[in-house]
Amino acid sequence: MRAVLASQNKKKIAELQAILGELGVEVLSQQEAGVDLEVEETGTTFEENARLKARAVMEATGLPAIADDSGLVVDALNGAPGVYSARYGGPGLDDTGRWQLLLKNMKGRTDRACRFVCVICCAFPDGGELMARGECPGEVAQGAQGAGGFGYDPIFYLPQLGKTMAQLSPQEKNGLSHRGQALREFQKEWEKSPYGIDK
């Protein structure tokens, strides 16, 4: 079976190809499927946005489509940046600008609790759908540490390890990250679904 990844992110494509390949699924990029879609994320939840992207690409290609939506949820900021994590502070900011803004907005706050959230959705041409969610709890660091990862990783502190996400090796990160958890949960859902490899 073939499925299209509703993303232009090469790292996500490689990650999903590795996991779903074991289930007998060939994961294609949008380019390989002959489409170039940038789906507007108008949902108010990670689930809604993942579904929007998966369904749009499924309808454009006629193939099952897999999408993820992820972000940082900060308790002291009433859940912000949340689904707007990639757009926090407006279009003029890059990853560094966004986490710098978040640190500024957290200045003087003692409640540093936060979590990374990832939701993966697969939409099928027959109307079926699989969805999985992963979360990784942590704290907003007082300052950036580490050069690995991307996005908010340099300020996402893991108390149990005494490191930020950006200080972890790729293997360590995949073992506990929100995306790693969501992918493992998605794999379980896939295996027990009617779409599983031997079903």
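Residues numbered from 1 in each chain as written. Predicted model: local features only at pLDDT ≥ 70, side-chain atom pairs only at ≥ 80, totals over all residues. Heavy atoms only, no water.

With respect to the overall build of the protein chain
This is how it is decided: Going along the chain from the N terminus, every DSSP run of H or I of four or more residues is numbered as a helix, and every run of E of two or more is numbered as a strand. Radius of gyration here uses only the C-alpha atoms, and the compact-globule reference equals 2.2 Å multiplied by the residue count raised to the power 0.38. For each residue, the accessible area found with a 1.4 Å probe, counting protein chains only, is set against the maximum for its type, and the residue is called buried under 20%, exposed over 50%, and partly exposed in between. The method behind every accessible area is Shrake-Rupley, applied with a 1.4 Å probe, and residues are considered shielded solely by the protein chains displayed.
Secondary structure summary: the protein chain contains six helices and seven strands in total. The order of α-helices and β-strands along the protein chain, N terminus first, is β-α-β-α-α-β-α-β-β-β-β-α-α. Against the 2.2 N^0.38 benchmark of 16 Å for 199 residues, the protein chain shows a C-alpha radius of gyration of 17 Å, consistent with a compact globule. A burial count over the protein chain gives 45% of its 199 residues as buried. Per element, the accessible surface of the protein chain, about 9800 Å² overall, is 49% carbon and sulfur.

Overview of the confidence of the model for the protein chain
Basically, it comes down to this: Confidence of the prediction at every residue is given by pLDDT, a number between 0 and 100.
For the protein chain, per-residue confidence averages 91 on the pLDDT scale, and residues scoring 70 or more make up 98% of the total. Per-residue pLDDT, averaged within each element of the protein chain, yields its smallest value for helix 1 (residues 10–21) (76) and its largest for strand 6 (residues 156–158) (98).

Notes on the nonpolar core
Filter applied, for reference: Among buried residues, those of type Ala, Val, Leu, Ile, Met, Phe, Trp, Tyr and Cys that are joined through side-chain atoms within 4.5 Å constitute a nonpolar core. Residue contacts are counted whenever heavy atoms from the two residues lie within 4.5 Å of one another.
In this structure, Leu72, Val74, Leu102, Val140, Tyr152, Phe156 and Met165 are the most contacted members of the largest nonpolar core, which totals 20 residues. Every element with two or more residues in this core is listed here: strand 3 (65–74), helix 4 (95–105), strand 4 (113–123), strand 5 (129–140) and strand 6. Looking at this core element by element, the count peaks at three residues for helix 4. Here Tyr152 is in contact with Leu72, Pro81, Ser85, Tyr88, Arg98, Trp99, Leu102 and Phe116, once residues within four sequence places are set aside.

Topic: the pattern of salt bridges
Let me state the cut-off plainly: Salt-bridge detection follows one rule: a side-chain nitrogen of Lys or Arg within 4 Å of a carboxyl oxygen of Asp or Glu.
The full count for this structure, using the stated rule, is 13 salt bridges. In this structure, Arg98 and Asp95 form a salt bridge, with 3.0 Å as the shortest nitrogen-oxygen distance. Taken as a pair, Arg98 and Asp95 lie in helix 4 at a separation of three residues, close to a single helical turn. The class of Arg98 is buried, set by a relative accessible area of 11%.

With respect to the pairing of strand 3
Inclusion rule: Whether two strands pair depends on DSSP finding at least two bridges between them.
With nine of ten residues buried, strand 3 is to be regarded as a mostly interior element. Two strands pair when backbone bridges link them, and strand 3 and strand 4 are joined in this way by ten bridges, in the antiparallel orientation. Each residue of the ladder has a partner; that of Val74, found in strand 4, is Cys114.

What about unusual backbone geometry?
Along the chain, Ala80 connects to Pro81 via a cis peptide bond; the corresponding omega equals -5°. Note that Pro81 resides in the loop between strand 3 and helix 4.

Here we look at the packing of aromatic side chains
This is how the line gets drawn: Only Phe, Tyr and Trp rings take part, Trp by its six-membered ring, and two of them pair if their centres are within 6.5 Å. Stacked means planes under 30 degrees apart, edge-to-face means over 60, and tilted covers everything else.
Enumeration over the complete set of coordinates arrives at three aromatic pairs. Seen in terms of ring centroids, Phe116 and Phe156 are 4.2 Å apart; in terms of plane orientation they differ by 20°. Their pairing is stacked. Linking Phe116 in strand 4 with Phe156 in strand 6, this pair joins segments that are 40 residues apart in sequence. Under the relative-accessibility criterion, Phe156 is labelled buried at 1%.

Some remarks on the side chain of Ser7
In this structure, Ser7 sits in the loop between strand 1 (2–5) and helix 1. With residues near it in sequence (within four places) discarded, Ser7 still touches Lys12, Ile13 and Gln30.

Let's talk about the pairing of strand 5
Here eleven bridges tie strand 4 to strand 5, and the two strands are oriented antiparallel to one another. When the sheet's bridge partners are listed, Val117 is paired in strand 5 with Glu135. Connecting strand 4 to the antiparallel partner strand 5 that follows it, the hairpin turn spans five residues, and Gly127 within it adopts a positive phi of roughly 95°. Where strand 5 meets strand 6, two bridges bridge the pair, whose relative direction is antiparallel. Within strand 6, the residue paired with Glu139 across the bridge is Tyr157.

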